[in-house]
Amino acid sequence: MTDRPSDPPEAPASLADAIGCLSSYDPGALPVDDACRVIARLLRPVAAIEQVAIRASLGRILAHDILSPISVPAHDNSAMDGFAVRHADLVADTPVRLRLIGTALAGKPLPQVPGPGEAVRVMTGAVMPTGTDTVVIQEVAREQDGFVTVPPGQEAGQNRRLKGEDLTAGQPALEAGRLIRPADLGLLASLGIAEVPVRRRLRVAIFSTGDELRSIGEPLGPGQVYDSNRYTLHGMLARLGVDLIDMGVVRDDPLALEAAIRAAAGSADAIISSGGVSVGEADFTREIMARLGDVAFWTIAMRPGRPLAFGRIGDAVYFGLPGNPVAVMITFYFFARAALLRLMGASESPSVFTRARSREFLRKKPGRTEYQRAIITRSPDGEPEVRTTGSQGSGVLRSMSRANCIVVLHHDQASVPEGGWVDCLLFDGLV
Ligand code: AMP
Ligand code: MG
């Protein structure tokens, strides 16, 4: 691993500086977009870079631009099986008979140069013989006794792929900050590139807080619940390809919490906890955070979610997510995920909404962002339509499990009539 010399370790903004970018700031009623802006300002991507084989680069973040060492394709070549001809030999309204001088296969160019009145049989991918510019597909041509008859109506340059049509040598094939996807592996391979520089993996420590939490395998006493948040967090973080440090359940006890935070800050780039940040519980959390780091406690104008702690502890970024299982997922997807991608060095904007028609009336008050768990399907007329998954209580994890998307009702948006268009964030994309 090397530190990228061109990326000087910029002094990170303090939380107060980051908050200073807002024109107004009320930690007790912070709009989602404002919270996202503050979070983004506090983050610096991990600097270390490692060189990995292209297969291992899937899901990683490219650290430098990759310039194409070659043109792709490297030569003009045939896009179809057929006959390579000089278009100048053809006649607009009558068939033309051309003499065949040989065959060019993919990877086996024909050394002879066809002259006027001559053609070459070509297979898909074959280098276009010198002087030819057009391919007549075999289905319309007639071959007989060493000649081919070409019907009229062939367009100049048809069925020919041009050199450099995909990429020209020296052009960026992939840009730094890209999250590498399957197509990129193929693209890199098509350029003959065996290894690429990627940012090192992010280390993320997670823990749950709450005296009522039990681990799987333990009996549940009255009022106790199984700790599910570490499992949803595990799933969401695994999708991001981070190295996970699972610190288990931490009791509602200042000493235990302090020890967990110190250990996490010493080993991780980011710390994500759940529970213990709501108004009733946050007091001792606040006191510890104030001592150990630079952390703000917010009430976000959103539903579900609301309480969120964010800041820095030592060199680690800290997210204190609410404890409710649905709120954990929503705050992860809409705050932590983009932040982690940024820490990973990703440049792309992570979420693109899909528009769908709501199958039902959605009650909504302007002045907060609401997230409804929903199922998106295709209506009989072919348009995407969406319906919510029933009870939207922030503890109802099944509403999340049944959903395939989240309907986002934006801050200023009011109620949506049945049939109105809404923004949806799909859980699974084809990546
Ligand atoms: P808190 O934010 O700590 O007040 O927790 C809010 C609610 O979420 C309470 O009902 C908790 O029992 C529940 N909760 C907190 N953490 C977890 C967890 N890790 N797994 C399941 N439920 C939790
Ligand atoms: Mg709690």
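Just so it is clear, the model here is predicted, and its values are computed rather than measured. (Residues numbered from 1 in each chain as written. Chains lettered and ligands numbered in written order. Predicted model: local features only at pLDDT ≥ 70, side-chain atom pairs only at ≥ 80, totals over all residues. Heavy atoms only, no water.)

Draft legend 1. Here's a closer look at the overall build of the protein. From N to C terminus, the protein includes 8 helices and 27 strands. In summary, the protein has a C-alpha radius of gyration of 30 Å against a globular reference of 22 Å for 431 residues, an excess of more than 25%. In the protein, which comprises 431 residues, the proportion classed as buried is 46%. Look at the contacts in the protein between residues 6 or more apart in sequence, and 72% of them connect residues 24 or more apart. Across the protein, the mean location of the 45 positive side-chain charges is 2 Å away from that of the 49 negative side-chain charges. (Helix = DSSP H or I, 4+ residues; strand = E, 2+ residues; numbered from the N terminus. Rg over C-alpha atoms; globule rule 2.2 N^0.38 Å. Buried < 20%, exposed > 50% of the residue type's maximum accessible area, 1.4 Å probe, protein only. Contact = heavy atoms within 4.5 Å. Lys, Arg positive; Asp, Glu negative; His and termini not counted. Charge placed at Lys NZ, Arg CZ, Asp CG, Glu CD.)

Draft legend 2. View of the pattern of salt bridges. Tallied over the entire structure, the rule returns 17 salt bridges. Close ionic contact of arginine 230 with aspartate 227 constitutes a salt bridge, the shortest N to O distance being 2.6 Å. Taken as a pair, arginine 230 and aspartate 227 share a single burial class, namely buried. Among the salt bridges present, the one from arginine 357 reaches glutamate 383, with a minimum N-O distance of 3.0 Å. Of this pair, arginine 357 sits in strand E23 (residues 354-358) while glutamate 383 sits in the loop between strand E24 (369-378) and strand E25 (384-388), and the two are 26 residues apart along the sequence. The class for arginine 357 is partly exposed, based on a relative accessible area of 32%. Assessed through its relative accessible area of 29%, glutamate 383 is described here as partly exposed. When salt bridges with common partners are traced through the structure, they connect Glu258, Arg262, Glu287 and Arg291 into a single cluster. (Salt bridge = Lys/Arg side-chain N within 4 Å of Asp/Glu carboxyl O.)

Draft legend 3. Structural view of the side chain of asparagine 77. Note that asparagine 77 resides in strand E4 (residues 77-78). For asparagine 77, a relative accessible area of 6% translates into the label buried. Within polar-contact distance, the side chain of asparagine 77 engages the backbone oxygen of histidine 75 at 3.2 Å. (Polar contact = N/O pair within 3.5 Å; in protein donor to acceptor, adjacent residues only side chain to side chain.)

Draft legend 4. The arrangement of the sheet that holds strand E8 (residues 134-137) in detail. Spatially, 6 strands are ordered E8-E5-E7-E6-E10-E9 in an open sheet, and the strand pairing comes out mixed. On the outer flanks of this sheet lie E8 and strand E9 (142-144), each paired with one strand and no other. The mean inter-strand angle of the sheet, taken between neighbouring strand axes irrespective of direction, is 40°. (Pairing = 2+ DSSP bridges. Axes fitted to C-alpha atoms, helices over the stretch in contact; angles between N-to-C directions.)

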